[in-house]
Protein chains: 4
Amino acid sequence: MAAQSPVKKVVLAYSGGLDTSIILKWLQETYACEVVTFTADLGQGEELGPAREKALLMGVKPENIFIEDLREEFVRDFVFPMFRANAVYEGIYLLGTSIARPLIAKTQIDIARKVGADAVCHGATGKGNDQVRFELGYYALEPDIRVIAPWREWSFASREALLDFAEKHQIPIAKDKRGEAPFSVDANLLHSSSEGKVLEDPSVEAPEFVYQRTIAPEDAPDKAQVFTMDFEGGDPVAIDGERLSPAALLTKLNQLGHDNGVGRLDLVENRFVGMKSRGVYETPGGTILLAAHRGIESITLDRGAMHLKDEIMPRYASLIYNGFWFSPEREMLQALIDKSQDLVTGQVRVKLYKGNVAVIGRTSPYSLYDQELVTFEEGKVAYDHRDAAGFIKLNALRLRVAAKRDRRGR
Amino acid sequence: MAAQSPVKKVVLAYSGGLDTSIILKWLQETYACEVVTFTADLGQGEELGPAREKALLMGVKPENIFIEDLREEFVRDFVFPMFRANAVYEGIYLLGTSIARPLIAKTQIDIARKVGADAVCHGATGKGNDQVRFELGYYALEPDIRVIAPWREWSFASREALLDFAEKHQIPIAKDKRGEAPFSVDANLLHSSSEGKVLEDPSVEAPEFVYQRTIAPEDAPDKAQVFTMDFEGGDPVAIDGERLSPAALLTKLNQLGHDNGVGRLDLVENRFVGMKSRGVYETPGGTILLAAHRGIESITLDRGAMHLKDEIMPRYASLIYNGFWFSPEREMLQALIDKSQDLVTGQVRVKLYKGNVAVIGRTSPYSLYDQELVTFEEGKVAYDHRDAAGFIKLNALRLRVAAKRDRRGR
Amino acid sequence: MAAQSPVKKVVLAYSGGLDTSIILKWLQETYACEVVTFTADLGQGEELGPAREKALLMGVKPENIFIEDLREEFVRDFVFPMFRANAVYEGIYLLGTSIARPLIAKTQIDIARKVGADAVCHGATGKGNDQVRFELGYYALEPDIRVIAPWREWSFASREALLDFAEKHQIPIAKDKRGEAPFSVDANLLHSSSEGKVLEDPSVEAPEFVYQRTIAPEDAPDKAQVFTMDFEGGDPVAIDGERLSPAALLTKLNQLGHDNGVGRLDLVENRFVGMKSRGVYETPGGTILLAAHRGIESITLDRGAMHLKDEIMPRYASLIYNGFWFSPEREMLQALIDKSQDLVTGQVRVKLYKGNVAVIGRTSPYSLYDQELVTFEEGKVAYDHRDAAGFIKLNALRLRVAAKRDRRGR
Amino acid sequence: MAAQSPVKKVVLAYSGGLDTSIILKWLQETYACEVVTFTADLGQGEELGPAREKALLMGVKPENIFIEDLREEFVRDFVFPMFRANAVYEGIYLLGTSIARPLIAKTQIDIARKVGADAVCHGATGKGNDQVRFELGYYALEPDIRVIAPWREWSFASREALLDFAEKHQIPIAKDKRGEAPFSVDANLLHSSSEGKVLEDPSVEAPEFVYQRTIAPEDAPDKAQVFTMDFEGGDPVAIDGERLSPAALLTKLNQLGHDNGVGRLDLVENRFVGMKSRGVYETPGGTILLAAHRGIESITLDRGAMHLKDEIMPRYASLIYNGFWFSPEREMLQALIDKSQDLVTGQVRVKLYKGNVAVIGRTSPYSLYDQELVTFEEGKVAYDHRDAAGFIKLNALRLRVAAKRDRRGR
């Protein structure tokens, strides 16, 4: 980088953990700037109180400590819109990490504006997708913001060097962080992901201790659990008749999934930065939601609408995976998707059993399923069997003309 | 229809069952023509001997009875090419019925040419997809063939009228066919489908007696079953190290799936003829194959190749579902897909447990997974963290320019 | 068709010409029903007064005669939204006929509701696209409406039989309609199309007398004509600084195009009903509008937005061509397109010369074109050449890994 | 960059011009390595002899000077395959620069292998697309090659500093290179592009002196020029009946285009590196070829094939524009495209007039255009008007069901 102007105030995405604590200190040392910490509750299931204490300990001013409960916003404005698209990356991944990053970036920028910061900082490494997702978010929302990515900048050559730095600056190191973690984790209300170290060889089965959000199917109850989910306008609103806020609903689904061993995924994926990586994901509630949403769509969504959604989905999923949530094209695709969801309203019955999710019933006041139309007897409904003859004949016409031609040509 | 020329010889897709036996007789009566029967073994699991006897009984000449074992051709030339695409219709349906129809149509046309027939006939009803699939196949291969679709032509007003006709012509009616079947079934080596009657209300769970090809997850063993699958050029070639022919391999996978309650699907789908219908599908081997194929692709397929495949897949699946197997556009998409599969070679380990299919390991001599690249330490590999900074900066550039512009404009 | 209930009142899309006059009479004779005529001014350039007189002459009650000037609605709600998408069918056709049909269908249905009609009727033939477009529009808006398509129903075996019927019923036949027209024409404010007869051989150049809306490039002035077009939110609003209503603006563009020999097209296209047909189209104003719209988009539309639009355009165009304007998927695509157009605002300078349309200048208050960014000198702008190195390196990463792998595999 | 190993031998893409001569010297100075020059004849219309002399003058060994005539390979293996796709970037740009880069990269790598070089070098700047195209090509073909991009590496702060360096090293500077060129040019057999300086303001019309490969439409003959083009398997093979090699044919088309003012384009495009830039392109022969290819396809290509091609085209064009010619996904798309072209064989008649290109006739032994089918009279052809009724009815079915539903829901 060319010599840059000094940083005055930086908003750090601060988890309270060892790594971002080291970053906090490193920022103070390296940039001699005021550090503002932002700690988000996205449902990762950790206490946020210690983050405040640690920040204070490291000299962050009280007014520079931001701790925000973003769970409802996360589910309502990010998770649910994404599930309207039935988005899966590379056929199977439910994008649990990807979808949280833009919200963190957005809140960081909001805080930077509020406190008059000129820089933001994140703790993502230089080989992963998250650095891209954070930074594209920052730049899309605040194009001239200064971005600090310590993992790409500092000169620590090893884990040991990092720990030395921590000790030197009296950053507390939990005992279990002394040795290297056997894998790294990201978690939020939608999922937990694990990758690295013991998971790096894709030929070796992920060990059971990797899983944190679900019990093994083998350990789940021997009896299936059945419940209903109500949808309105494409989003879930109630479980077993109880209306729940978005975050409460997803929390409830997570519990149901957890208890029945639902939502484990072990895969090799293609990162945006160019290499393949292996990850283990647990998305208990999301896995149920995807199946249930497809279930309610199956009776309420027109064929043309559904097929169009299915065709654009991989691209929509890639945009989110690659960090382009705040891009014109993601917003355009969202407009297309949302346009289809007005009447995706009704109820599905879901059955969970030892890792399986099955939709076993669907009803809707706006159902497009017409029992009379589909019945084998022709009956009184306005379906004339002979229409099918014409339909086939005209669909076949070009194929017939081509077949005659091909005889001449091949 | 306008008055048409008389039919001289017709090739009937003949299952040997009651309905196509009625059709056989009806053809003889209505068209006063020679009937040629064609009965295919597609792995539906029924004896074909009786079909010959019944045809003889109804006066079909021995040289006009064709019984063909198409299982290997079916799996090798239709099922496997389709699975190279990871094809699923409307997100979940594995196209088990759809993929068999073009082969039946093709063989019927081959026989028609051999025996000099001027017409072909199928037993599909006037409200379903199969009539379309059969007839598009016929026309694409033999554009001037005469097609007879009895269900769209005859005047039987009810099931009773049909049975009366059968009795009048001494067509044997099995006791259990007296009453109406509680649902209708299609089966082949890839799947069984059930629809109609007891399944017509999509809010009601499919009763257990509908399932024929799989045991319930609840009834499957309490212990997981693990095995390996070898792939070469995108197709499976061995299970647990044993090389198998395509049909033998799929048969083996079906057994594995059956035993572990794998491959049940209960859905509402959109028919090409315009209405929604509810079906229950069992695709035990295919469900495993799809997961395993994605597994081997995950380490052998380049990202660009995979994403392109994923994006065109819904269209490819719709073409097959709608009956356009023998169309230029399906063949073009197949060329695209096949081009990607040369090095989709290697082994996956698969774990089945009470309805779950999990890929738990993948290896390949042509793996694109590079453990050194992905490891968190930068190490000796040719990945410079600072490259990521430039990568992000240029990906962000248009978003930043737009963000500045939007402040002016919004 | 099965025997149908009698028709009480039918709304006929009535041009006032010979063919629809025959239809009017035929409806009265065949269905013994009340006929309501609807004649639309879509800018086809014909007097509509005679349509009223003829209808009265044939016994249509005054209150059953509807003559509507739809030009503004046509351009504002159909033509402009379509041009936001830069829609062309099969690479070149500007969809001038296709886009008028849904508006006619919609207005017919509106009138049918107003007068309590139970049927609608159009004069499109049984081999063309227009029957599909009309009827899909009818059914999408009024699903139980009865549709009468005389050309598919009546038994006139020849043009002579039709004329005999006309004479018998004192329908006036213009002298030049005695013999057969050398080709058939459809016209509206967007375009004129000609097809049939003298145009049927696609190897033969269209004769000059076919063209009606444009002079030949050879006959256009020797001096180029330059003018400006202002756009707001994706739609043109002014020419040479003069604000014009949508219809007035398109009329003005048509004049400019006409005078400079702009907008002729001679092509072979694929009809939805399955055959190829040859048409000659003149779209003088539309041809200019397409170029100008692309011009203003080129500086105001983000790359991601533009590429997404370009990728979905062929499908959007096919939907309109095939008659699916009133379909969920067309509306979803429109939502996507419209979402991109907010800031497609600014001015382009257009140069017309003997058939050529060139955009020679573009300005916008919301331009994304940044002269400082693009200049060869690096200068003060926030573009670091070294970013490009990282950008390329990471874009190349997967290709490099694959190249190494391929050496092993091929 | 981390400290890198020394370079021993580098292959430079050497035009013989001032800039690449400076690079040649800079390489010798900076890397103290052996420089191999590679000069390609891609039809840019410059003498290549001087490049050899200059290289010798600057101390390049005779055996290290490679001058290759790549014109036939360029047109046959790059230009024609691309035109099979009717590729245009952002709706209008014919990709004339983009398509030449992969061939240069490939030949450079071939030479590097032959001479045992460990590095390659190009003269593209750090803000453009060409650096990406060159380098993605290098890496895809030779993943461990060292790439030197002087414009991103050296420290010359201005044009003056560069010229000082040239003078200091006795590199001859043509008088007209003293001052800055008013714009920069790239040329090959397919096109010439001009950008920069006088063209940087997109609101200002490109001055006439920018154009080099075409005369102005205003200066073209007053009489149209008509000729035939023969196609075989999607590629042009003859003009006016004279069979020509690919390069000869394109040369001939260029002459025809030049003489009639065909192929000028003035646009603002989106670069892969993230900014918009303005370019003026002249593609005389390519513009004719695109129109003619669409013309022959219009009668020989099935609708399904054509629409699929049209839908994937924007992506194919972006891949080429962005430098991904040697990528799995471009090759997959090419397989799809090529699969469609077998019978794209026949003749079109083309008319050029003052900038206009019109296809005025098409014939093919493999035509799918069936005059009998399309004729208005029903006649003897196998098209039953009543088939259209069924076709429409079933296409409308889902819309009707949805319309009834929507009344309940909205």
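In the nomenclature of an unreviewed UniProt entry, chain A corresponds to Argininosuccinate synthase from the organism Phenylobacterium montanum. For the record of chain A, the UniProt heading Subcellular location (unreviewed entry) holds the text "Cytoplasm". Check the Catalytic activity (unreviewed entry) section of the UniProt entry for chain A; it says "L-citrulline + L-aspartate + ATP = 2-(N(omega)-L-arginino)succinate + AMP + diphosphate + H(+)".

Student: Would you mind showing me how to read the environment of B:A174 here?
Tutor: All names here are of chain B. Structurally, the position occupied by A174 is in the loop between α7 (159-168) and α8 (175-178). What makes A174 partly exposed here is its relative accessible area of 40%. For the pair A174 and L397, spaced 223 residues apart in sequence, the C-alpha separation works out to 73 Å.

Student: Would you mind showing me how to read the relation of the copies chain B and chain A here?
Tutor: Its rotation angle being 180°, the transformation that places chain B on chain A also includes 0.0 Å of axial translation and leaves an RMSD of 0.0 Å. In short, the pair behaves as if placed about a two-fold rotation axis. Most of the interface of chain B is mirrored in chain A: 100% of its interface residues are interface residues there too.

Student: Whenever I open this one, the state of the cysteines confuses me. Can you help?
Tutor: Disulfide: a covalent bond connecting the sulfur atoms of a pair of cysteines. Residues and elements named next belong to chain C. Inspection of every chain in the model, using the stated rule, returns zero disulfides over all chains. Left without a disulfide partner, C121 is nearest to the cysteine sulfur of C33, which lies 8.7 Å away. Residue classification places C121 among the buried positions, given a relative accessible area of 0%.

Student: What am I meant to see in the relation of the copies chain D and chain B here?
Tutor: Overlaying chain D with chain B gives an RMSD of 0.0 Å, the required rotation being 180° about an axis along which the chain moves by 0.0 Å. Taken as a fraction of all interface residues of chain D, those also at the interface in chain B reach 96%, which identifies the copy contact as same-surface.

Student: I'm lost on the interface of chain D and chain B in this one. Help?
Tutor: Often the size quoted for an interface is simply the accessible area lost on bringing the parts together. Contact with chain D, which involves 26 residues of that partner, is made by 26 residues of chain B. Roughly 2,200 Å² of surface becomes buried between chain D and chain B when both sides are summed, with 68% attributable to carbon and sulfur atoms. Looking at the side of chain D facing chain B, the largest losses of area belong to D:L308, D:R315 and D:M332, adding up to 26% of the total buried there. Taken together, the connections running from chain D to chain B amount to two salt bridges. Its salt-bridge partner being D:E311, residue B:R315 comes within 2.6 Å of it at the nearest N-O pair. For the pair chain D and chain B, the number of links is two residue pairs in polar contact (both at pLDDT 80 or more). The set of elements that each furnish at least two residues to the side of chain D that touches chain B consists of α11 (303-322), α12 (328-339) and α14 (385-409) of chain D. Looking at the side of chain D that touches chain B, the element that brings in the most residues is α12(D), giving eight residues.

Student: In this structure, what is going on with α7(B)? I would like to understand it.
Tutor: Given 3.6 residues per helical turn, the α-helix brings residues three or four places apart onto the same face. For α7(B), the full list of buried residues reads B:R159, B:L162, B:L163, B:F165 and B:A166. The arc enclosing the buried residues of α7(B), seen along the axis, measures out at 155°, which places them on a common side.

Student: I'm lost on the sheet that holds strand β1 (residues 9-13) of chain B in this one. Help?
Tutor: Each strand in a sheet pairs with another by means of backbone hydrogen bonds, the pair being arranged parallel or else antiparallel. Residues and elements named next belong to chain B. An order of β3-β2-β1-β4-β5 is seen for the five strands of this open sheet, with the pairing classed as parallel. Only two strands of the sheet have a single partner each, and these edge strands are β3 (65-69) and β5 (146-148). Taking each pair of neighbouring strands and ignoring which way they run, the sheet shows an average axis angle of 20°. Sheet analysis places β1 next to strand β4 (residues 119-121), joined by three bridges and oriented parallel. Within β4, the residue paired with L12 across the bridge is C121. Sitting on the sheet, helix α1 (residues 18-31) touches β1, β2 (34-41), β4 and β5, and the angle it makes with β1 is about 165°.

Student: Would you mind showing me how to read the sheet that holds strand β11 (residues 264-270) of chain B here?
Tutor: All names here are of chain B. Spatially, β6-β7-β12-β11 is the arrangement adopted by the four strands of the open sheet, whose pairing is antiparallel. If you trace the sheet from one side to the other, it starts and ends with β6 (184-187) and β11, each paired once. Averaged over all neighbouring strand pairs, the angle between strand axes comes to 25°, with direction disregarded. Where strand β7 (residues 192-195) meets strand β12 (residues 276-282), four bridges bridge the pair, whose relative direction is antiparallel. Opposite S193, over in β12, you have Y281 as the bridge partner.

Student: Honestly, the UniProt feature "binding site: L-aspartate" (unreviewed entry) in chain A in this entry has me stumped. Any pointers?
Tutor: All names here are of chain A. UniProt marks T125, N129 and D130 with the feature "binding site: L-aspartate" (unreviewed entry), using the numbering shown here. Excluding residues within four positions of it along the chain, N129 makes contact with E269, R271, F272, V273 and Y321. Tracing the chain through its elements places D130 in helix α5 (residues 130-141). Reaching out from D130, the side chain makes a polar contact with the side chain of R101 at a distance of 3.0 Å.

Student: Could you clarify how one ought to interpret the interface of chain B and chain A in this entry?
Tutor: With 100 residues of chain B at the contact, the number on the chain A side is 100 residues. Across the interface of chain B and chain A, roughly 9,000 Å² is buried in total on both sides, 56% from carbon and sulfur atoms. In this structure, the connection of chain B to chain A is made through 13 salt bridges. Close ionic contact of A:K351 with B:E218 constitutes a salt bridge, the shortest N to O distance being 3.6 Å. Connecting chain B to chain A are 38 residue pairs in polar contact (both at pLDDT 80 or more). Element by element, the count of residues in the side of chain B that touches chain A is highest for helix α14 (residues 385-409) of chain B, at 15 residues.

Student: Would you take a moment to explain the packing of aromatic side chains for this structure?
Tutor: When we look at a pair of aromatic rings, we describe it by the centre distance and by the angle of the planes. The final tally for this structure, using the stated rule, is 54 aromatic pairs over all chains. On the numbers, 4.1 Å between centres and 25° between planes, the contact of A:Y93 with A:Y281 is stacked. Of this pair, A:Y93 sits in the loop between α3 (71-84) and α4 (101-115) while A:Y281 sits in strand β12 (residues 276-282); the two residues are 188 residues apart in sequence, bridging distant segments of the chain. This pair shows no difference in class: A:Y93 is buried, exactly as A:Y281 is. Aromatic side chains D:W26 and D:W154 sit 5.6 Å apart centroid to centroid with 85° between the ring planes, which places their arrangement in the edge-to-face category. Residue D:W26 is located in helix α1 (residues 18-31), and its partner D:W154 is located in the loop between α6 (150-153) and α7 (159-168); the two are separated by 128 residues in the primary sequence. Each member of the pair, D:W26 as well as D:W154, is classed as buried. Grouped by ring-pair contacts, the aromatic residues A:W26, A:Y31, A:W151, A:W154, A:F156 and A:F165 constitute a single cluster.

Criteria and thresholds
Residues numbered from 1 in each chain as written. Chains lettered and ligands numbered in written order. Predicted model: local features only at pLDDT ≥ 70, side-chain atom pairs only at ≥ 80, totals over all residues. Heavy atoms only, no water. UniProt positions renumbered as here; feature names shortened; annotations may be inferred. Helix = DSSP H or I, 4+ residues; strand = E, 2+ residues; numbered from the N terminus. Buried < 20%, exposed > 50% of the residue type's maximum accessible area, 1.4 Å probe, protein only. Least-squares fit on C-alpha atoms with pLDDT ≥ 70 in both. Contact = heavy atoms within 4.5 Å. Disulfide = S-S within 2.5 Å. Buried area = accessible area lost by both parts, 1.4 Å probe. Salt bridge = Lys/Arg side-chain N within 4 Å of Asp/Glu carboxyl O. Polar contact = N/O pair within 3.5 Å; in protein donor to acceptor, adjacent residues only side chain to side chain. Arc of directions from axis to C-beta. Pairing = 2+ DSSP bridges. Axes fitted to C-alpha atoms, helices over the stretch in contact; angles between N-to-C directions. Phe/Tyr/Trp six-rings, centres within 6.5 Å; stacked < 30°, edge-to-face > 60°.

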